[in-house]
Amino acid sequence: MASSHRPPIARPSSRAGVGLTARPASSSRTPSTTRIGTGMPPSTSRPGSRGGSSTTGGVLSSQIKVADRPVTQQGLSGMKTAMKGPQRQIMDKTYYLGLLRSKTNELTTEINKLQEEVEMYKQEKSVYLSYEKRAEALAGEIKEFQGQLADYNMIVDILNTNTDIAEVIRDYNMLKVQNDRDAQSVDKIFTERQATEKLIQAVEEDIEHEKVVADDIIKDMSQENQAKYMEMKTANEKLSQELVAQQQELDALNVKEEALRAEIAHSQVKQEAAQLYEKLHDLEERRNQMIAEHKNMESPQEERERLLKQVKDDSQEIASMERQLTEVREKTNHFKKIIQRLDMDLENHQEMQKVRSELLFTFLSWFNLSQQLSTTQPLAHFSPNQWERKSGKKKVKLMG
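The rules behind these values
- Residues numbered from 1 in each chain as written.
- Predicted model: local features only at pLDDT ≥ 70, side-chain atom pairs only at ≥ 80, totals over all residues.
- Heavy atoms only, no water.
- Helix = DSSP H or I, 4+ residues; strand = E, 2+ residues; numbered from the N terminus.
- Buried < 20%, exposed > 50% of the residue type's maximum accessible area, 1.4 Å probe, protein only.
- Areas by Shrake-Rupley, 256 points an atom, 1.4 Å probe, with all protein chains shown as cover.
- Phe/Tyr/Trp six-rings, centres within 6.5 Å; stacked < 30°, edge-to-face > 60°.
- Salt bridge = Lys/Arg side-chain N within 4 Å of Asp/Glu carboxyl O.
- Axes fitted to C-alpha atoms, helices over the stretch in contact; angles between N-to-C directions.
- Parallel < 35°, antiparallel > 145°, perpendicular 65-115°, else oblique.
- Contact = heavy atoms within 4.5 Å.
- Nonpolar A, V, L, I, M, F, W, Y, C, P; charged D, E, K, R; others polar.
- Patch = residues over 30% accessible without salt bridge, like charges linked within 9 Å, V, L, I, M, F, W, Y side chains within 5 Å.
- Lys, Arg positive; Asp, Glu negative; His and termini not counted.
- Charge placed at Lys NZ, Arg CZ, Asp CG, Glu CD.
- Expected span 1.5 Å × (residues − 1).
- pLDDT = per-residue confidence, 0-100.

## Observations concerning the overall build of the chain
At step 1: Helices and strands together make up the secondary structure of the chain, namely 6 helices and 2 strands.
At step 2: Reading the chain from its N terminus to its C terminus gives the helix and strand order β-β-α-α-α-α-α-α.
At step 3: Relative to its 400 residues, the chain shows a buried fraction of 3%.
At step 4: Carbon together with sulfur atoms contributes 58% to the accessible area of the chain, which is approximately 37100 Å² in total.

The following block contains the structure:
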């Protein structure tokens, strides 16, 4: 508004540098002729006026971009505009305290927001778990209903096809037998699994016990032995790692060998080359063996002495073995004689036992008969033939 009261001669020069009047440009005026804009502090000029700088920040000088407008769930929010008026010139302790308070309030607000989100997520998680349990129960019900539906569909198919009831019963019996067999198999597998799990648990307990015992033994060792044990343990771990690496390398080489063999099998030229390489390898081995034999070859005199010594050693060994064989044969004959004597004594003893048993049986028979006859009539009225007839046994002559 204040710029409308200026005289007409205050127009600056054009871009061509030629002014309408002899008045100099506003940039070349003296400080006394510069007018202070209304409504502004003394230290600044009015933005957009001829006497002030056109680069001062403000709403009209800011460049609006569509990408600067943040998008939220409720739509587009208003773009934050730059602050009007002068900024703080002196940043003292109160300024930084106020800035710290504002940042602290922002952090507190953000923390409260995050806590609310955490609580919301916890509630959603609890609800999700309840829904998951409900979904599992409903899934079981769905499976059960699907089985019932399959049974009903089978019944409908049987009714539609006019299937004989005897055939249905036969199928039922077959399925029942199969189900019983499967149930027995499942029970057996379950029992075996339980036994295996118990065995594994027992083995693990034994391993833990052995570890405890080993730790106790290590603790009871001296410092020198403990250091030696730790060194050997480290070496063992290192060797185990090397073994694993070498095993992996061996597996890779085996895979590579199989791939190369498969590649060779599809090419006649490569097969011939492989055969030639194998033959060359055999020839090289034979050459190396002949070279080693030539190097180790002895003179005729040394070889003769070596053979004579070997013959003497063999002769002594043969003589010792013959002596041992003679001793073994003598012991064998001696034990054979002992066994024959024991067999004869055993046979004689068995014959004596047999004679004694017969005599004892005859005596018992005679004794029983005499007891029976003593109750009826005197023994003097019987002849020896009557005794034989009563006893039913032949007379046995007592030997010796």
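## Considering the packing of aromatic side chains
At step 1: Enumeration according to the criterion identifies 2 aromatic pairs in this entry.
At step 2: Ring geometry for Tyr 95 versus Tyr 96: centroids 5.3 Å apart, planes at 70°, classification edge-to-face.
At step 3: Exposure remark for Tyr 96: the relative accessible area of 47% places this residue in the partly exposed category.
At step 4: Residues Phe 363 and Trp 366 carry aromatic rings whose centres are separated by 6.3 Å and whose planes lie at 35° to one another, so their mutual orientation is tilted. Of the two residues, Phe 363 and Trp 366 both sit in helix H5 (residues 300-374), 3 residues apart, roughly one turn of that helix.
At step 5: When its relative accessible area of 47% is taken as the criterion, Phe 363 is described as partly exposed.

## Let's talk about the pattern of salt bridges
At step 1: Within this structure, the stated rule accounts for 3 salt bridges.
At step 2: Close ionic contact of Arg 261 with Glu 257 constitutes a salt bridge, the shortest N to O distance being 3.0 Å. With Arg 261 and Glu 257 both in helix H3 (residues 223-265) and 4 residues apart, this pair spans about one turn of that helix.
At step 3: Its salt-bridge partner being Lys 270, residue Glu 263 comes within 2.6 Å of it at the nearest N-O pair.
At step 4: By relative accessible area, Glu 263 is classed as partly exposed at 40%.

## Re the packing of H3 against helix H4 (residues 268-296)
Helix-helix packing is described using two parameters, namely the angle between the two axes and the distance between the axes.
At step 1: The contact between H3 and H4 brings their axes to 6 Å, and the two run at 120°. As judged from the angle between their axes, H3 and H4 are oblique. Counted together, Glu 263, Ile 264 and Ala 265 of H3 and Lys 270, Gln 271 and Ala 274 of H4 form the full contact between these two elements.
At step 2: Residues of the contact of H3 with H4, tallied by class, amount to 3 nonpolar, 1 polar and 2 charged.

## Considering a negative patch on the surface
At step 1: Judged by side-chain charge, Glu 204, Glu 205, Asp 206, Glu 208 and Glu 210 come together as a negatively charged surface patch.
At step 2: Along the chain, Glu 205 falls in helix H2 (residues 165-220).
At step 3: The class of Glu 205 is partly exposed, set by a relative accessible area of 48%.

## Quick notes on helix H1 (residues 93-161)
At step 1: Taking 1.5 Å per residue as the helical rise, H1 with its 69 residues ought to reach 102 Å, and the 97 Å between its terminal C-alpha atoms agrees with that figure.
At step 2: A positive backbone phi angle near 55° is found at Asn 162, which sits one or two residues after H1.

## Here we look at the confidence of the model for the chain
At step 1: This prediction gives the chain a mean pLDDT of 76; 71% of its residues lie at or above 70.
At step 2: The weakest mean pLDDT in the chain belongs to helix H6 (residues 384-391) at 47; the strongest belongs to H2 at 92.
At step 3: Below a pLDDT of 50 lies the segment residues 1-62, which in the model reaches 35 contacts outside its immediate sequence neighbourhood of four places, other chains included.

## Quick look at unusual backbone geometry
At step 1: Notably, Asn 162 is not glycine yet its phi reads approximately 55°, a positive angle.
At step 2: As for its position among the elements, Asn 162 is in the loop between H1 and H2.

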